[in-house]
Amino acid sequence: MRTARRLWRIYGGYAVGFASLFLLWHLASVYLVSSVLFPPPAAVFRKGLALTRNGVLLEHLSASVQRILAGFLAGSLLGIPIGLAMGSFRPVRKLLEPYTEFLRFIPSVAMITVAVIWFGIGEASKIFLIIYTTVFIVIINTAAGVSAIAPNKIRAAQALGATRTQIFLHVALPATVPYILTGMRLAMANSFTTIVAAELIAANEGLGKMLWDGRMFMLVDDIFVSLVTLGLLGFAVDRMFRWSIYTFAGKYSPAT
Amino acid sequence: MSLVSFRAVTKIYRSLQGVDYPAVERFTLDIDAGEFFCLLGPSGCGKTTVLKLLAGFEAPSSGEIFMDGRRVTGASRDRGVVFQGDDSLYGWLTAVENIEFGLRMRGMARAERRRRAMRYLDLVGLTGQERKYPAELSGGMKQRIQIARALVNEPTMLLMDEPFAALDAQTRSLMQLELANLWRTTRTTVLFITHDIDEAITLGSRIGVMRAGPRSDVKGVIDVALDGARSRTDDAFIKYYKQVYEMIRDEVAKSIARAG
C-alpha cells in the first residue's frame, strides 16, 4: 500500500500526462480530423504490435539505435578529452576554438551529402554524421565545465598537498562530470534528428527508412509507429541521462 | 625566530584595462609559532591578499615571505587553508571523504586515513554526519568540515579567511567558541582574517590592524592578554574593544570614502 502510494507520487504525474496526450490524440483524430491520414492511437498500437510480432519494427529500431550508440559513444570519447584539454590549457583552447566555433554552426543535416559522397550509403556515413553532431556539443560543454570549477576547489587541493596530476584526476574531472553529461544529453537529442534525416535520404533499414517507406507506399500507420517509437525511445534515453546527471550533480552544491 | 615573516611585501594587481592596483605595499609582519593572529581591517584593505600570498596561491610583486625559515614559493600542506565560502568543498565526496582528501593524496592506507578523519570529524562536532554530502549540511557544518579537512593534514599553521563571515550570528558565536577551544587544545598557529572586532578579540592572542587600501600595511599590533573563555561583557574585553576601535575607526572611514 505504501509502495503504491510512493510510486504514484513519483510516476503518477507522468502517467496522467501521457494518458492525456493519447486521449487528446484520440479525440483529435476521431472527431476533429477524421481522416485515414491521421490514425487514432489504437490503430497505431495495433499496427505497432503487428510490426513487433513479425520483427520488422525491431529490425528498424535496432539499426537506428546501433548507429546512434556507435556514433554517440565515439563522438563523446573524442569530445571529452578535447574539451578537457581546451578547458585546462589556454593555448589548446586558442588553437582549437576556430575549429569548434566554425564547424558547430554547420548542421549535421547539411553534412549528409558530403558524408554520402565520402563514405557511401552504408553504416560509415551515418556513424560519421552522429559523431559529427555529438562531438562539438560535448567539447563545448566539457570545456565550459572545466572553466566553471571554483578556483577555491583547486586551491584547497594545493594546500592539502595534491600534485597537478592529482588535482586533475580528483578535482577537475569529477567537478566537470555533470557538464559532460549535460553535453552528452544535448548531443543525444541531436543524434536523433540526424539519424532520421540521414536514414530518410539513404538507408536500407532504420526508423527514418521506415518513415520514407511509409510515404512511398502510403502506409500511414507505419509512419505513426515510427514516430511514436522515436518519441518513446528518446524519452527513455533522456530519462536515463537526467537520472545520471542528478545522481552526480545531486551531490553538488545547488549552484552547479 | 618567528614562524612566519612578511618582509616588505608588495602585491600589485593589474586590471584588464591595464591599471595597476597596489593592494598591499611594503607589508611587514611576524607571526610566532603557537599564536592565534587575527588580521583585522576594513573591507577591501587587502587582508585576503595577505592570506593568499602566505598560502602560496599568489606570488608577491616584490618583497619576500618566509615560513619556518624557507621562502614561500607556492602552496604546500604545511599551510592548511579554510576558505570563507563552501565552494572549496568537494560536492561529490561525503563529509568524511572530504576530510581525508589530503591524506588520500599522500597515499595513506584507507583504514588509517579513515580512522584519522573520523577522529577530526568528532573533534569538530560532526559525529554521525560522516556519510552526508556537503549539499546536505548547513553552512556551519560545512565550515567544520573545512576546519577538520585542514587540521587532519597536520599543517604547521592554519590560514583562515573570514571562515564564519557567511554564517548567521548564533552559529557564528558558537563556531568562535568551538574554534577557541580547539585552538587551546591543539595550539596550532593560526592566521585568522576578519573584519569583525568582536571576533578578533574573542579569538586572537594578537590582533594586527590594517590600514584602508590601496597600499595597505599593518597600522599596529595589539597583544590580547586574555586567557580562557572570553566574554563580550567583561571589562577587559571592552577595554580591548575600545583600543582596537580607536585604531580602526579612521581606516574604516577612509575605506568607505574611497569606495563611495
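Keep in mind it's a predicted model, so treat the numbers as computed, not measured. Each chain carries its own residue numbering, running from 1 in the written order of its sequence. Here every chain gets a letter starting at A, and every ligand a number starting at 1, in the order they are written. Only residues with pLDDT of 70 or above have their local features reported here, since the model is predicted, and side-chain atom pairs are shown and tallied only from 80 upward, although totals for entire chains, interfaces and linings are computed over all residues.

With respect to the overall build of chain A
And step 1. Under the DSSP-based scheme used, a helix requires at least four consecutive residues in state H or I and a strand at least two consecutive residues in state E, with every element numbered from the N terminus. Check the secondary structure of chain A and you find 10 helices and zero strands.
And step 2. The order of helices and strands in chain A, counted from the N terminus, is α-α-α-α-α-α-α-α-α-α.
And step 3. Across its three principal directions, the C-alpha atoms of chain A cover 70 × 60 × 30 Å.
And step 4. What counts as a contact here is a pair of residues whose C-beta atoms, placed from the backbone, lie within 7 Å. Within chain A, contacts between residues separated by at least 24 positions form 73% of all contacts whose residues are at least 6 apart in sequence.

Side note on the overall build of chain B
And step 1. For chain B, the count of helices and strands is eight helices and 10 strands.
And step 2. Based on C-alpha atoms, the radius of gyration is set beside the globule rule, defined as 2.2 Å times the residue count to the power 0.38. Taken against the 2.2 N^0.38 rule, which gives 18 Å for 260 residues, the C-alpha radius of gyration of chain B at 18 Å falls within 12% of a compact globule.
And step 3. The dimensions of chain B, computed from C-alpha atoms along their principal axes, are 50 × 45 × 40 Å.
And step 4. Buried residues in chain B amount to 45% of all 260 residues.
And step 5. At a minimum sequence separation of 6, the contacts of chain B that also span at least 24 residues come to 69%. Partly exposed residues are those falling between the two cut-offs: more than 12 but fewer than 20 other C-beta atoms within 10 Å of their own, whereas 20 or more means buried and 12 or fewer means exposed, with C-beta atoms placed from the backbone.

Looking at the interface of chain B and chain A
And step 1. Taken together, the 24 residues of chain B in the interface contact 18 residues of chain A.
And step 2. Elements that contribute at least two residues to the side of chain B that touches chain A include exactly β6 (79-82) and α3 (101-105) of chain B.
And step 3. The nonpolar class holds Ala, Val, Leu, Ile, Met, Phe, Trp, Tyr, Cys and Pro. Asp, Glu, Lys and Arg form the charged class, and all remaining residues, Gly among them, are polar. When its residues are assigned to classes, the side of chain B that touches chain A shows 12 nonpolar, seven polar and five charged.

Let's talk about the sheet that holds strand β4 (residues 62-67) of chain B
Where strands meet in a sheet, backbone hydrogen bonds hold them as pairs that are either parallel or antiparallel.
Residue and element names in this part refer to chain B.
And step 1. DSSP-based pairing: two strands are paired if at least 2 bridges between them are found. Spatially, four strands are ordered β2-β1-β4-β5 in an open sheet, and the strand pairing comes out antiparallel. In this open sheet, the two edge strands, each paired with only one partner strand, are β2 (20-31) and β5 (70-71).
And step 2. Across five bridges, the pairing between strand β1 (residues 4-14) and β4 is antiparallel. Across the sheet, the residue bridging to F6 is I65, located in β4.

Some points on the pairing of strand β8 (residues 189-194) of chain B
Residues and elements named next belong to chain B.
And step 1. Counting buried positions along β8 yields six of six residues, so the element is predominantly enclosed.
And step 2. The alternating pattern of β8 places T189, L191 and I193 and V190, F192 and T194 on opposite faces, both of which are buried.
And step 3. In the sheet, strand β3 (residues 36-40) pairs with β8 via five bridges, with the strands oriented parallel. From the neighbouring strand, F36 faces β8, where its bridge partner is V190.
And step 4. With five bridges joining them, strand β7 (residues 157-161) and β8 adopt parallel strand pairing. Of the residues in β8, the one forming a bridge with M157 is T189.
And step 5. For the crossover from β7 across helix α6 (residues 169-186) to β8, the handedness is right-handed. When the strands point away from the viewer, a crossover counts as right-handed if the route from the first strand across the helix to the second turns clockwise.

Examining helix α8 (residues 235-259) of chain B
Residues and elements named next belong to chain B.
And step 1. One less than the residue count of a helix, multiplied by 1.5 Å, gives the span that helix is expected to have. Taking 1.5 Å of rise per residue, 25 residues should cover 36 Å, and α8 covers 35 Å from first to last C-alpha, within 8% of that figure.
And step 2. Bending of α8 peaks at approximately 35° at the position of I248.
And step 3. Buried within α8 we find Y240, V244, I248, E251 and S255.
And step 4. Contacts made by the buried residues of α8 are with β3, α7 (197-203), β9 (206-210) and β10 (218-223). Here the bend at a residue means the angle between the axes of two seven-residue stretches, the one that ends at it and the one that starts at it.

Some words on the sheet that holds β8(B)
Residues and elements named next belong to chain B.
And step 1. A sheet is described by the order of its strands in space; here six strands give the open sequence β6-β7-β8-β3-β9-β10, paired in mixed fashion. Edge positions in the open sheet fall to β6 and β10, since each of these has one partner strand only. In this sheet, adjacent strand axes meet at a mean angle of 20° when their direction is disregarded.
And step 2. Across four bridges, β3 lies against β9 in parallel orientation. Residue pairing for β9: F37 is matched across the bridge by R206. The axes used here are C-alpha line fits, helices contributing only the stretch in contact, and every angle between their N-to-C directions lies in the interval 0 to 180 degrees.

Here's the deal with the domain arrangement of chain B
Residue and element names in this part refer to chain B.
And step 1. Per the domain assignment, the segments of chain B are domain 1 (4-78 + 157-259) and domain 2 (89-154).
And step 2. An automatic or database domain assignment supplies the start and end points of every domain. Once you take the C-alpha centre of each, domain 1 and domain 2 turn out to be 26 Å apart.
And step 3. Taken together, the contact between domain 1 and domain 2 spans 10 residues of the former and nine residues of the latter.

Considerations on the domain arrangement of chain A
All names here are of chain A.
And step 1. For chain A, the assigned domains read domain 1 (1-38) and domain 2 (39-249).
And step 2. If you average the C-alpha positions of domain 1 and of domain 2, the two centres end up 28 Å apart.
And step 3. Each partner contributes residues to the interface: domain 1 has eight residues there, and domain 2 has four residues.
And step 4. Looking at the side of domain 1 that touches domain 2 residue by residue, the class counts come to six nonpolar, two polar and no charged.

Brief notes about the nonpolar core
And step 1. For this entry, the nonpolar core is defined as buried Ala, Val, Leu, Ile, Met, Phe, Trp, Tyr and Cys residues connected by C-beta atoms within 7 Å. The biggest cluster of nonpolar side chains holds 124 residues, and the ones touching the most others in it are B:L40, B:L54 and B:L191.
And step 2. Per element, the largest residue contribution to this core is 14 residues, and it comes from helix α6 (residues 123-147) of chain A.
And step 3. In this view, B:L54 contacts B:V4, B:I65, B:V72, B:R79, B:L159 and B:L191; residues no more than four positions away in its chain are not counted.

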